[in-house]
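# Coordinates in review
Below, each chain spelled out in residue letters.
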Amino acid sequence: SVDYLASYILPWQEVGRWDLSAGATHTLTATQELAPGPPALATAGDPFAPPKWKYNASIFWSKGPWTAAVFVSYLSGFSTNHAGNTLTATYPIPSQTNVDINAGYTFKNGVVGNYGKGLRLNVGIGNLFDEDPPFSDTVFGYDGALHSPLGRTYSLSFSLPL
């Protein structure tokens, strides 16, 4: 595989700090060892090989006590035949894009008086557009190694320095 990564901090700071990042992974070859001893098999283009491309991008913003982020991930389509169906060579799995967002606030002077000084509160939404995992010919109907069965998820977290 070849990994590519680029990141950039936007030069203007009047509206906060903006960090942009993008990455990609291109699978060139894949091998699978079926048993200890025999040589590994090349599986690039095989129904059990990983997808050729994975992309991700993120935007982080911060200004004072506020932060926000958007994460976008893309997994290219591929073919599979996990079920070993002899009537068809492979089953196409479409590409998928997923978007996650989160925002946070740090109470630098405390929540009430000096109590909770430095408390950090975060909220987030995973799988913002509630995308279902693409169907795969597996026991579960999706490829759990690559796709999540969870729809949209919500998170709330807090941290307090000691």
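Everything numeric in this text was worked out from a predicted model, so none of it was measured.

## With respect to the overall build of the chain
- Scanning the chain from N- to C-terminus turns up zero helices and eleven strands.
- Counting helices and strands in the order they occur from the N terminus, the chain gives β-β-β-β-β-β-β-β-β-β-β.
- Burial statistics for the chain: of 162 residues in total, 23% are counted as buried.
- Across the chain, the fraction of contacts at a sequence separation of at least 24, relative to all contacts at a separation of at least 6, is 54%.
- Here the chain has roughly 10900 Å² of accessible surface; of this, 63% comes from carbon and sulfur atoms.

## Quick notes on the sheet that holds strand β1 (residues 2–9)
- Pairing within the open sheet is antiparallel, and its seven strands lie in the order β1-β2-β5-β6-β9-β10-β11. Each edge of the sheet is formed by a strand with only one pairing partner; in this case those strands are β1 and β11 (153–159). On average, each strand axis in the sheet is inclined to that of its neighbour by 10°, with strand direction left out of account.
- Pairing geometry for strand β2 (residues 17–26) and strand β5 (residues 53–63), over ten bridges, is antiparallel. By the bridge assignment for β5, tryptophan 18 is matched with tryptophan 61.

Rules of the game
- Residues numbered from 1 in each chain as written.
- Predicted model: local features only at pLDDT ≥ 70, side-chain atom pairs only at ≥ 80, totals over all residues.
- Heavy atoms only, no water.
- Helix = DSSP H or I, 4+ residues; strand = E, 2+ residues; numbered from the N terminus.
- Buried < 20%, exposed > 50% of the residue type's maximum accessible area, 1.4 Å probe, protein only.
- Contact = heavy atoms within 4.5 Å.
- Areas by Shrake-Rupley, 256 points an atom, 1.4 Å probe, with all protein chains shown as cover.
- Pairing = 2+ DSSP bridges.
- Axes fitted to C-alpha atoms, helices over the stretch in contact; angles between N-to-C directions.

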